[in-house]
Amino acid sequence: MCLTDDLVEADSLTPPSVDRAGCVQRCKRPARGIYERVLPKQGFLHFAVELGSLRLVALDTAVPNQGGGALCAERLAWLDATLAETPDTPTLVMMHHPPFLTGIAHMDRIGLEGREDFAAVMRRHAHVEAILCGHVHRPTSTQVGGRPAMICPSPAHQVALDLRPEGPSAFRLEPPGYMQHRWHDGQLVSHVAVLGEWAGQFPFFDPDGNLID
Ligand SMILES: [Fe+2]
């Protein structure tokens, strides 16, 4: 499980395999004791772990007491060097703040500084299968530096889909959601799903194999 969002409190998590890559203004920094298996003893909360044939690289984009994130030269150098360690291993980069503008103006205003430099790092590492982010509370996808980049829906509220420059800061109680990523035969397939009680599931075919209209 990859948790990058700001509505997840470190205190509620059991020790990794649950890993948290993000942290913003309203959150306590995650308790290092819980994560000591993977987190550095000091400095930025980056880490890299192997998960079978896949590698996960988590990047700390947080700026204390600020909604937006940043990637300084030190963070980018860590990312570049860490990715260079295993150029033949398919890798997911996890980070809280997305490294692209979404068009939702009030969220872009608290977006990520250093996007262009991050994209340049991505262009050097074709083994990055995907960049997984949170922060925006709405499923969104694009490419950054030639790599797929996607924002997971929020398990709570969703930020209103309003692409007007003057759009207000607002959210909607759309169904909460999550992403499920499948790594199989060297291919990453990412599903967006919603949480809640829904009618079904219903079969497409009756017991005789006939399509039910
Ligand atoms: Fe956030």
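Residues numbered from 1 in each chain as written. Predicted model: local features only at pLDDT ≥ 70, side-chain atom pairs only at ≥ 80, totals over all residues.

Trainee: Can you help me understand the overall build of the chain in this one?
Mentor: What the chain contains, in helices and strands, is 3 helices and 14 strands. For the chain, with 213 residues in total, the buried portion stands at 30%. At a minimum sequence separation of 6, the contacts of the chain that also span at least 24 residues come to 51%. (Helix = DSSP H or I, 4+ residues; strand = E, 2+ residues; numbered from the N terminus. Buried ≥ 20, exposed ≤ 12 C-beta atoms within 10 Å, placed from the backbone. Contact = placed C-beta atoms within 7 Å.)

Trainee: Could you clarify how one ought to interpret the packing of helix H1 (residues 73–85) against helix H3 (residues 115–123) in this entry?
Mentor: In a pair of packed helices, the angle between the axes and the distance between the axes together describe the arrangement. The geometry of H1 relative to H3 is characterised by a closest axis approach of 10 Å and an angle of 10 degrees between their N-to-C directions. Looking at the two axes, H1 sits roughly parallel to H3. Between H1 and H3, the residues in contact are Leu76, Leu79 and Asp80 and Asp117, Phe118 and Val121, respectively. Residue classes in the contact of H1 with H3 are distributed as 4 nonpolar, no polar and 2 charged. (Axes fitted to C-alpha atoms, helices over the stretch in contact; angles between N-to-C directions. Parallel < 35°, antiparallel > 145°, perpendicular 65-115°, else oblique. Nonpolar A, V, L, I, M, F, W, Y, C, P; charged D, E, K, R; others polar.)

Trainee: Help me out: how do you make sense of the nonpolar core in this one?
Mentor: Grouped burial of nonpolar side chains is what soluble globular proteins tend to show. In terms of nonpolar packing, the biggest core is built from 29 residues, with Leu59, Val93, Met94, Met95, Ile131, Cys133 and Val144 touching the most fellow members. Secondary-structure elements contributing two or more residues to this core are strand E4 (54–59), H1, strand E6 (91–95), H3, strand E8 (128–133) and strand E10 (147–151). Here the element with the most residues in this core is E8; it accounts for 4 residues. (Core = buried A, V, L, I, M, F, W, Y, C linked by C-beta atoms within 7 Å.)

Trainee: Where do I start with the confidence of the model for the chain in this structure?
Mentor: Low pLDDT marks regions whose predicted coordinates should not be analysed in detail. With 84% of its residues at a pLDDT of at least 70, the chain reaches an overall mean of 88. Confidence drops under a pLDDT of 50 for residues 9–28, and excluding neighbours within four residues, the segment shows 52 contacts in the predicted structure. (pLDDT = per-residue confidence, 0-100.)

Trainee: What am I meant to see in the sheet that holds E10 here?
Mentor: The 6 strands are arranged E3-E4-E6-E8-E10-E9 in an open sheet whose pairing can be described as mixed. Both outer strands of the open sheet, strand E3 (47–51) and strand E9 (140–144), are each paired with one neighbouring strand and no more. For this sheet the average axis-to-axis angle between neighbouring strands, irrespective of direction, equals 20 degrees. By the bridge criterion, 5 bridges tie E9 to E10 in an arrangement that is antiparallel. Note that in E10 the partner of Ser141 across the bridge is Met150. (Pairing = 2+ DSSP bridges.)

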